[in-house]
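# Descriptive structure summary
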Amino acid sequence: YYDTPSGDVKAVDGVSFDIYRGQTLGLVGESGCGKTTAGRAIVRLLEATGGQVIFDGQNMNTMDSRELRSTRKRLQVIFQDPFGSMNPRWTIESILTEGMIIHGVGANQEERREIAVSLLEEVGLPGGQILGRYPHELSGGQRQRICIARVLTIEPELIICDESVSALDVSVQAQVLNLLKDLQLKRKLTYLFISHDLSVVKFMSDMIAIMNSGKIVEFGPSEAIYADP
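In this text, all values refer to a predicted model and were calculated from it rather than measured experimentally. Sequence order as written defines the numbering, with residues in each chain counted from 1. Side-chain atom pairs in this predicted model are given and counted only at pLDDT of 80 or more, local residue features only at pLDDT of at least 70, and totals for whole chains, interfaces and linings cover all residues. Side-chain numbers come from the whole structure's heavy atoms, not from hydrogens or water.

A count of helical and extended segments in the protein gives 9 helices and 10 strands. When we talk radius of gyration, it's over C-alpha atoms, and the globule rule is simply 2.2 Å times the number of residues to the 0.38. Expected size for 229 residues packed as a compact globule is a radius of gyration near 17 Å; at 18 Å, the protein falls within 12% of this value. Projecting the C-alpha coordinates of the protein onto the three principal axes gives extents of approximately 50 × 40 × 35 Å. Any two residues whose heavy atoms approach within 4.5 Å at even a single point are treated as in contact. Taking the intrachain contacts of the protein between residues at least 6 apart in sequence as the baseline, contacts between residues at least 24 apart amount to 65%. Per-residue accessibility takes into account occlusion by the displayed protein chains alone, with areas from the Shrake-Rupley method and a 1.4 Å probe. Within the structure as shown, the protein displays about 11,900 Å² of accessible surface, and the carbon and sulfur contribution to it stands at 47%. His is not counted, nor are the chain ends, whereas Lys and Arg count as positive and Asp and Glu as negative. A charge is said to be at NZ when it belongs to Lys, at CZ for Arg, at CG for Asp and at CD for Glu. When the 23 positive and 29 negative side-chain charges of the protein are each reduced to one mean point, those points stand 4 Å apart. Under the DSSP-based scheme used, a helix requires at least four consecutive residues in state H or I and a strand at least two consecutive residues in state E, with every element numbered from the N terminus.

Paired strands, in this sense, are two strands between which DSSP finds at least two bridges. Read across the sheet, 6 strands follow the order β6-β7-β8-β3-β9-β10 without closing on themselves; strand pairing throughout is mixed. The open sheet has two edge strands, β6 (75–78) and β10 (215–221), and neither has a second partner. Averaged over all neighbouring strand pairs, the angle between strand axes comes to 15 degrees, with direction disregarded. Sheet analysis places strand β7 (residues 158–162) next to strand β8 (residues 190–195), joined by 5 bridges and oriented parallel. The residue bridging I160 from the neighbouring strand is L192, located in β8. A fitted line through C-alpha atoms serves as each axis, taken over the contacting stretch for helices, and the angle formed by two N-to-C directions is quoted from 0 to 180°. Contacts from helix α7 (residues 170–187) reach β3 (24–28), β6, β7 and β8, with the element oriented near 160 degrees to β8.

Attention now goes to the nonpolar core. Taken as a class, soluble globular proteins show a tendency for nonpolar side chains to be buried jointly. Only buried residues count toward a nonpolar core. Its members are Ala, Val, Leu, Ile, Met, Phe, Trp, Tyr and Cys residues joined through side-chain atoms within 4.5 Å. Only protein chains enter the accessibility calculation, which uses a 1.4 Å probe; a residue is then buried when its area is under 20% of its type maximum, exposed when over 50%, and partly exposed in between. Within the largest apolar cluster, 42 residues are counted, with the highest numbers of intra-cluster contacts made by L120, I146, I148, L152, L180 and F193. Of all the secondary structure elements, the ones that give two or more residues to this core are α3 (92–103), α4 (109–122), α6 (140–152), β7, α7, β8, α8 (198–204) and β9 (207–212). Of all the elements, α6 adds the most residues to this core, at 6 residues. Ranked by size, the runner-up nonpolar core spans 19 residues in total, among them L27, M63, L68 and I194.

Each residue after the first adds 1.5 Å to the expected span of a helix. The end-to-end C-alpha distance of α7 is 26 Å, a good match for the 26 Å that 18 residues give at a rise of 1.5 Å each. Taken together, the buried positions of α7 are occupied by Q173, V176, L177, L179, L180, L183 and Q184. Buried residues of α7 fall within an arc of 160 degrees about the axis and therefore sit on the same side. With respect to the buried face of α7, the exposed residues turned more than 90 degrees away are D182, L185 and K186. Once α7 ends, the next one or two residues include K188, with phi positive near 55 degrees. The arc in question is the one traced by the directions running from the helix axis out to the C-beta atoms.

Let's shift gears to the packing of aromatic side chains. Pairs were defined over the aromatic rings of Phe, Tyr and Trp, the Trp ring being its six-membered one, requiring ring centres within 6.5 Å. Orientation was assigned from the angle between planes: stacked under 30 degrees, edge-to-face over 60, tilted for the rest. Enumeration according to the criterion identifies 0 aromatic pairs in this entry. Directly above the aromatic system of Y226 lies the positively charged group of K202, at a separation of 5.1 Å from the ring centroid. A positively charged side chain is recorded as over a ring if its NZ (Lys) or CZ (Arg) lies within 6 Å of the ring centre. The angle to the ring normal must also be within 35 degrees.

Every buried residue of α3 is listed here: I92, E93, I95, L96, T97 and M100. Residues of α3 that are buried make contact with α4, α5 (127–130) and α6.

As a further point, take the environment of H103. Examined against the element boundaries, H103 turns out to sit in helix α3. With relative accessibility at 23%, the residue H103 sits in the partly exposed group. Spatially, the C-alpha atoms of H103 and T153 are 9.8 Å apart, while their sequence positions differ by 50 residues. Apart from residues lying up to four places away in sequence, H103 is in contact with R69, K73 and I154.

This is how it looks when you write it as structure tokens:
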């Protein structure tokens, strides 16, 4: 809820959908429609005032902090602004190994460094060459690839991509979208792909949900929504 002079506004109002393992659900709508709020409520970055988020049979809204930490290892978010989602004072190595330390991935720092290098190479970056660099030394596309590598460090099952290519140039967008598709096939990932760009959502998604003013106003297979809205 948001308080306004005219009363409460429901940012997400009666929204309900299923995301099936290994598929991509595209959530598309204009700015302010509630799609980012819905995505953040799923992982409890925002606390919902009602409803349920059921992940693999478990209600995330009723989990205590210990259960939530364990479950969050399986859900991750790629944010819109790669620079804003990284600590500018940390090296790329520190950024990539933070989640591994929290969730107990890797026996020691050397092993975590090896995992980081491998993941950087998997997302198309020269791993060993950039571990000691800082976010401001890299391009926008490189930073977003690092954000993708960061979520992969703890091997999630569901990734919420929140406008994850909208800050990039068109040519770089295409490269990152193809990378996300390749990773989905290779790692059997599930995506909630949030965007305002219907053509990008169509390229990525199996199913599409259209949001407007906090509600889902249309839902169906990607081709059907795009061809006959």
